[in-house]
Amino acid sequence: MSVQYLNPEGYPRPAGRYSHVAIAEPGRLAFIAGQVAVDADGVLQAPGDTASQMPVVFRNLGTVLEKIGASFADVLELTTYLVGEDSRQPWMEARDAVYAEHYGEGPYPPNTLLIISGLAHPDMKVEISAIVRLP
């Protein structure tokens, strides 16, 4: 296994679908820029809809991972940017469905969630960047 996810004993369990620690075997790292809900032509999908943008964001992230010879199992850390507090609940529900597809019942990579005022386009609601260990 290239990545080992841990939740240290004696420390509070994660409050969601993430791990506190990821340990990677030696290797090269890839830093993937924030992925948003655009199609291959750069057209925004599901404008203003956090829940509907999540599968598109993960599809785009999956495409990048595949092109660099990696998979979701190689993700060391995700950083999620959500626009507005009202995006939190739709994101959590959509994340559960997306994670079920890509991670099953876990383990899950560490994830930092930031609630922000906006992204590059006013109708973008979610952006996710990743740090990946290349196999």
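Refer to the structure printed above.
What counts and how
Residues numbered from 1 in each chain as written. Predicted model: local features only at pLDDT ≥ 70, side-chain atom pairs only at ≥ 80, totals over all residues. Heavy atoms only, no water. Pairing = 2+ DSSP bridges. Helix = DSSP H or I, 4+ residues; strand = E, 2+ residues; numbered from the N terminus. Axes fitted to C-alpha atoms, helices over the stretch in contact; angles between N-to-C directions. Contact = heavy atoms within 4.5 Å. Buried < 20%, exposed > 50% of the residue type's maximum accessible area, 1.4 Å probe, protein only.

Considering the sheet that holds strand 3 (residues 29–35)
No. 1: Read from one edge to the other, the open sheet built from four strands follows the order 3-6-4-5, with strand pairing classed as mixed. If you trace the sheet from one side to the other, it starts and ends with strand 3 and strand 5 (111–116), each paired once. Neighbour-to-neighbour, the strand axes of the sheet open up by a mean angle of 10 degrees, direction not taken into account.
No. 2: Where strand 4 (residues 75–83) meets strand 5, six bridges bridge the pair, whose relative direction is parallel. Its bridge partner lying in strand 5, leucine 82 is registered against isoleucine 115.
No. 3: Contacts from helix 1 (residues 50–67) reach strand 3, strand 4 and strand 6 (126–133), with the element oriented near 25 degrees to strand 6.

Thoughts on unusual backbone geometry
No. 1: Cis geometry marks the peptide bond from glycine 106 to proline 107; its omega dihedral reads 5 degrees.
No. 2: If you trace the backbone, proline 107 turns up in the loop between helix 2 (88–103) and strand 5.
No. 3: In this model, alanine 46 sits at a positive phi of 50 degrees, which is unusual for a non-glycine residue.
No. 4: You can see alanine 46 is positioned in the loop between strand 3 and helix 1.
No. 5: On the basis of relative accessibility, which here comes to 26%, the residue alanine 46 falls in the partly exposed class.

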